[in-house]
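Listed below, chain by chain, are the residues.
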Amino acid sequence: MSIDKHMDKAAVFFTAALLRMKPLEWYILMVKRKGMQHMKNPHKLFLTIVCSFIIILFLTDVLVIQVHAMVPEEMEPILKSKENQKVAYLTFDDGPSLNTMEILDILDRYHVKATFFVKGNEEPYAKECYQEMISRGHAIALHSYTHDYSIVYRSTESFFQDLNRLETMLQKEFGVKSRIVRLPGGSNNRLRHQAATKPIINGILQQLKEKGYIYFDWTIDSTDGISPSISEQQIITAVQKGTKDQKHVNILLHDINSMKNTVKALPDIIEYLKQEGYTFDTIDETTPKIQFKG
C-alpha cells in the first residue's frame, strides 16, 4: 500500500475520532462531497486536515449547546448554582456538649444537616457525640482544642500546635480530616484590634491560607453565645432579622453545656428558614467563603 493511501486512512480515522463519528461514516461523507482523489496529493491532504480542524472548532460550540438542551428537566435543579438558591448553613461552635445529642435529634427530625466546629473534649459522652455527628451525616470542622485564648493566641506557633492537637485526635479516633477552620471568637475578634496581638492574628490568617486551610466566619450571630441569659426569643429574632434580603446565610450558634436556650430556639429557627424558602447545607471547600474584613 502506498504512503498516500496510509495517509488517507490516517486522516479519515483522525478526523472521525475528533468528530465522534464512525470512520466509515466520515469516509462516505468525504467521498460524496469531495471525493478522495485529491487526497493522493500531500498538499491537498494537509489542507483537508486543516479545514477539518476548523469545522471541529465550530461544531464544538454547537455540540455543547445540544448537550445542554438534552438535559432532562428533573436534572435542572441539580445543575443550578448554589448562588441562585437560598441556602442556610447552621453552624455550631464549641461542642460537643451535654446538649449535642438533643441538637442532633432536632436536626434529624427536620432532615437538616449542620456543621459542627468542634473543640477537643475527652469526656466519654463527648466521644459518643463526635461519632453521632459523623454517623448522622453532619460535617465536623476545626475550632480549637482548648478554646483558651491565652494558649491559642499566645503566638502563631501556639495556635497551630493547638489546632494540630485537635486534628490528630479527630483523625486518630474518628477518621475525620478537615481543612475547614473557624477561629475562636472569629477572625476579627477583639484581639485583632489590640496592638500586641494584631500581628499574631494576621499571621495566623496568612498561614492558614498558606497551609491549605479555609477559615469561615458567619453572616448572622444568633447572639446565643453572649450569655446563658439570652432568651429563646432573642435568639430566634436575631436569626430572623439577619436573613433579610440575604440568599446565603451562615448562622452562628453554640453547642455549650450552659446554652439551653439554643436548643429550645432551634426548631423555630429551622421552621422559619424553611418557610422563607431556604435549603440547608454543610460547609466544605466549595462553599462560598464568609470571612470578616480586618
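The sections below set out a description of the structure shown in this document. In this text the structure is predicted, and so the values were computed from the model without any measurement. (Residues numbered from 1 in each chain as written. Predicted model: local features only at pLDDT ≥ 70, side-chain atom pairs only at ≥ 80, totals over all residues. Heavy atoms only, no water.)

Some details on the overall build of the protein chain
Alright, step 1. Within the protein chain, the regular secondary structure consists of eleven helices and eight strands.
Alright, step 2. By the burial criterion, 43% of the 294 residues in the protein chain qualify as buried.
Alright, step 3. The long-range share in the protein chain, meaning contacts at least 24 apart out of those at least 6 apart in sequence, stands at 75%.
Alright, step 4. Entry remark: accessible area of the protein chain is about 16,500 Å², with carbon and sulfur atoms responsible for 56%. (Helix = DSSP H or I, 4+ residues; strand = E, 2+ residues; numbered from the N terminus. Buried < 20%, exposed > 50% of the residue type's maximum accessible area, 1.4 Å probe, protein only. Contact = heavy atoms within 4.5 Å. Areas by Shrake-Rupley, 256 points an atom, 1.4 Å probe, with all protein chains shown as cover.)

Quick word on the pattern of salt bridges
Alright, step 1. Under the defined criterion, the tally for this structure stands at six salt bridges.
Alright, step 2. Among the salt bridges present, the one from R182 reaches D93, with a minimum N-O distance of 2.9 Å. A residue pair is termed long-range when its members are at least 10 positions apart, and R182 in the loop between strand 4 (180-181) and helix 9 (198-210) and D93 in strand 1 (residues 87-93) qualify at 89 residues. By the burial criterion, R182 is buried, and D93 matches it.
Alright, step 3. Measuring nitrogen to oxygen at the nearest pair gives 2.8 Å for the salt bridge that ties E132 to R136. (Salt bridge = Lys/Arg side-chain N within 4 Å of Asp/Glu carboxyl O.)

Describing the packing of aromatic side chains
Alright, step 1. For the structure shown, the criterion picks out seven aromatic pairs.
Alright, step 2. Ring centres of Y153 and F159 lie 6.3 Å apart, and the angle between their planes is 15 degrees; this geometry places the pair in the stacked category.
Alright, step 3. Where W218 meets F292, the ring centres are 5.1 Å apart and the plane angle is 85 degrees; that geometry is what we call edge-to-face. In this pair, W218 sits in the loop between strand 5 (214-215) and strand 6 (220-221) while F292 sits in the segment after strand 8 (279-280), placing the two residues 74 residues apart along the sequence.
Alright, step 4. On the accessibility criterion, W218 (14% relative accessible area) is buried.
Alright, step 5. Ring pairs connect the aromatic residues Y149, Y153, F159, F160 and Y213, which therefore count as one cluster.
Alright, step 6. The side chain of R179 reaches across the aromatic face of Y213, ending 3.9 Å from its centre. (Phe/Tyr/Trp six-rings, centres within 6.5 Å; stacked < 30°, edge-to-face > 60°. Lys NZ or Arg CZ within 6 Å of the ring centre and 35° of its normal.)

What to know about the packing of helix 10 (residues 232-242) against helix 11 (residues 260-275)
Alright, step 1. Direction vectors running N to C along helix 10 and helix 11 enclose 35 degrees, while the axes themselves pass 8 Å from each other. Considering the relative orientation of helix 10 and helix 11, their crossing is right-handed. Two secondary-structure elements touch here, helix 10 through E232, I235, I236, V239 and Q240 and helix 11 through N261, T262, K264, A265, D268, I269 and Y272.
Alright, step 2. Class assignment of the residues belonging to the contact of helix 10 with helix 11 gives a composition of six nonpolar, three polar and three charged. (Axes fitted to C-alpha atoms, helices over the stretch in contact; angles between N-to-C directions. Left-handed = near helix turned anticlockwise from the far one by under 90°. Nonpolar A, V, L, I, M, F, W, Y, C, P; charged D, E, K, R; others polar.)

Structural notes on helix 11
Given 3.6 residues per turn, any residue in an α-helix points the same way as the ones three and four places further on.
Alright, step 1. Largest kink in helix 11: about 35 degrees, centred on L266, with the proline P267 one to four residues after it.
Alright, step 2. All of the buried residues in helix 11 are N261, T262, V263, A265, L266, P267, I269, I270, Y272 and L273.
Alright, step 3. If you follow the buried residues of helix 11, they end up packed against strand 1, helix 5 (100-109), helix 10, strand 7 (248-254) and strand 8.
Alright, step 4. At the C-terminal side of helix 11, G277 shows a positive phi close to 90 degrees. (Bend = angle between axes of the 7 residues up to and from the residue.)

Let's talk about the environment of H254
Alright, step 1. Among the structural elements, H254 can be located in strand 7.
Alright, step 2. Judged by relative accessible area, which is 12%, H254 ranks as buried.
Alright, step 3. Once residues lying within four places of it in the same chain are set aside, the contact partners of H254 are F92, D93, D94, D224, G225 and T262.

With respect to unusual backbone geometry
Leaving glycine aside, a negative phi is the common case for residues, and trans is the common case for peptide bonds.
Alright, step 1. At the junction of G95 and P96, the peptide bond is cis and its omega measures out at 0 degrees in the coordinates.
Alright, step 2. You can see P96 is positioned in the loop between strand 1 and helix 5.
Alright, step 3. The phi angle at D94 is positive, at roughly 85 degrees, despite the residue not being glycine.
Alright, step 4. Looking at where D94 falls in the secondary structure, it is placed in the loop between strand 1 and helix 5.
Alright, step 5. Since its relative accessible area comes to 10%, D94 is described here as buried.
Alright, step 6. Positive phi values are uncommon outside glycine, yet H111 reaches one of about 55 degrees.

A short note on the pairing of strand 1
Alright, step 1. In terms of burial, strand 1 is largely enclosed, as seven of its seven residues are buried.
Alright, step 2. The alternating pattern of strand 1 places V87, Y89, T91 and D93 and A88, L90 and F92 on opposite faces, both of which are buried.
Alright, step 3. With seven bridges joining them, strand 1 and strand 7 adopt parallel strand pairing. Residue pairing in the sheet places V87 in a bridge with H248 of strand 7.
Alright, step 4. One ladder, built from two bridges, connects strand 1 with strand 8; its direction is parallel. Looking across to strand 8, one finds that V87 is bridged to T279.
Alright, step 5. One crossover worth recording links strand 1 to the parallel strand 2 (residues 115-118) by way of helix 5, and it is right-handed. (Pairing = 2+ DSSP bridges. Right-handed = clockwise from strand over helix to strand, strands pointing away.)

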